[in-house]
Amino acid sequence: MDIEQARFNMVEQQIRPWDVLDTEFLERLYEVKREEFVPSVYRSLAFADLEIPIGHGATMLSPKIEAKLLQAAAPRKTDKVLEVGTGTGYMAALLGARADRVLTVEIVPELAALARDNLLRARCLNVSVIVGDGSTGCPERGPFDLIVLSGSLPDLPQALLDQLKPGGRLVGIVGELPIMSAVRVARDAEKVFSTTRLFETVAPPLQTEKKSHFVF
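Residues numbered from 1 in each chain as written. Predicted model: local features only at pLDDT ≥ 70, side-chain atom pairs only at ≥ 80, totals over all residues. Heavy atoms only, no water.

As a further point, take the overall build of the protein chain. Secondary structure assignment for the protein chain yields six helices and nine strands. Since a compact globule built from 216 residues should have a radius of gyration of about 17 Å, the 16 Å found for the protein chain is in line with a globular shape. For the protein chain, the proportion of its 216 residues judged to be buried stands at 50%. Accessible surface computed for the protein chain: about 10,000 Å², of which carbon and sulfur atoms make up 53%. The distance from the centre of the 25 positive side-chain charges to the centre of the 29 negative ones in the protein chain is 4 Å. (Helix = DSSP H or I, 4+ residues; strand = E, 2+ residues; numbered from the N terminus. Rg over C-alpha atoms; globule rule 2.2 N^0.38 Å. Buried < 20%, exposed > 50% of the residue type's maximum accessible area, 1.4 Å probe, protein only. Areas by Shrake-Rupley, 256 points an atom, 1.4 Å probe, with all protein chains shown as cover. Lys, Arg positive; Asp, Glu negative; His and termini not counted. Charge placed at Lys NZ, Arg CZ, Asp CG, Glu CD.)

Evaluation of the coordinates by the stated rule reveals two aromatic pairs. For the ring pair W18 and F199, a centre distance of 5.7 Å and an interplane angle of 75° mean the geometry is edge-to-face. Placement of the pair is W18 in the loop between α1 (3-15) and α2 (23-31) and F199 in strand β9 (residues 192-200), with a sequence separation of 181 residues. With a centroid separation of 5.8 Å and 55° between ring planes, the pair formed by F37 and Y90 is classed as tilted. Placement of the pair is F37 in the loop between α2 and β1 (52-55) and Y90 in helix α4 (residues 90-96), with a sequence separation of 53 residues. Accessibility assignment for this pair places F37 and Y90 in one class, buried. One Lys or Arg, K68, reaches over the ring of F199 and ends 5.9 Å from the middle of that ring. Across the ring face of F144, the terminal group of K80 is positioned such that the distance to the ring centre comes to 5.4 Å. (Phe/Tyr/Trp six-rings, centres within 6.5 Å; stacked < 30°, edge-to-face > 60°. Lys NZ or Arg CZ within 6 Å of the ring centre and 35° of its normal.)

Our focus in this paragraph is the sheet that holds strand β5 (residues 127-131). Pairing is mixed in the open sheet, where seven strands are placed in the order β5-β4-β3-β6-β7-β8-β9. Two strands bound the open sheet, and with one partner strand each, they are β5 and β9. For this sheet, the mean inter-axis angle between neighbouring strands, taken without regard to orientation, is 15°. Direction of pairing for strand β4 (residues 101-106) relative to β5: parallel, over a ladder of five bridges. Counterpart to L103 in the pairing with β5 is S128. The sheet strands contacting helix α5 (residues 109-121) are β4 and β5, and the helix crosses β5 at an angle near 165°. (Pairing = 2+ DSSP bridges. Axes fitted to C-alpha atoms, helices over the stretch in contact; angles between N-to-C directions. Contact = heavy atoms within 4.5 Å.)

A separate point is the pattern of salt bridges. Side-chain pairs of opposite charge can arise whenever the charged atoms involved come near each other. The final tally for this structure, using the stated rule, is 15 salt bridges. Between R34 and E66 there is a salt bridge, with its nearest N and O atoms 3.1 Å apart. In this pair, R34 is assigned in the loop between α2 and β1 and E66 in helix α3 (residues 63-73), connecting sequence segments 32 residues apart. Residue classification places R34 among the buried positions, given a relative accessible area of 1%. Two residues, D100 and R101, come together in a salt bridge whose shortest N-O distance is 3.5 Å. According to the relative accessible area criterion, D100 is partly exposed, its value standing at 37%. Where salt bridges share partners, they join D22, E24, E27, R28, E31 and R98 into one cluster. (Salt bridge = Lys/Arg side-chain N within 4 Å of Asp/Glu carboxyl O.)

On to unusual backbone geometry. Residue P143 is reached from G142 by a cis peptide bond, and omega for that bond is 0°. Mapped onto the fold, P143 is located in the loop between β5 and β6 (144-153). In this structure, P178 follows L177 across a cis peptide bond, with omega equal to 5°. Looking at the secondary structure, you find P178 in the loop between β7 (164-176) and β8 (179-189). The phi dihedral of D19 is positive, around 65°, even though this residue is not glycine. When you line up the elements, D19 lands in the loop between α1 and α2.

Structure below.
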């Protein structure tokens, strides 16, 4: 397989047609090597338009969904970011390429260890991985300018929204099959949140320790 041609096809034939047009972000997709974050058995599918199993019941989102979410998140160079659901570390690497600091939370210890190795090999030195239930956030390390969900939740936990700074935003996929939507929630003031529905899609649910009482 011609890796660079496959990467080009991913960007130009899958991602750009989905109205992901942020030039700087598209450049990051060439620089952050997706194949290095894919399990070796699936490496030939690293650029395919599909979800890739990564073990422990988890999957990587398809490239176009990852890209669409991250363009909506619009990480800034000064942002302190929380990612919920590390997986293999690929989304965290893309966030780290644009943000100041990234804290990513993974509930499966084996995946957290894999992500640390992948991120270290990719020299993503501004990304930290911790083990925990990301649906509760990480209040002791917050608040955050940006929170990104790398999977779906049935609703948004108030605990996550409370960890946004005023002016901060959260991007993720919310709902249950067959109806899910990507949303962006902005914290406009201390107790004021506004929600924008971005597009309809479906995504695997994030693993959590227990059912929480969600509010939206």
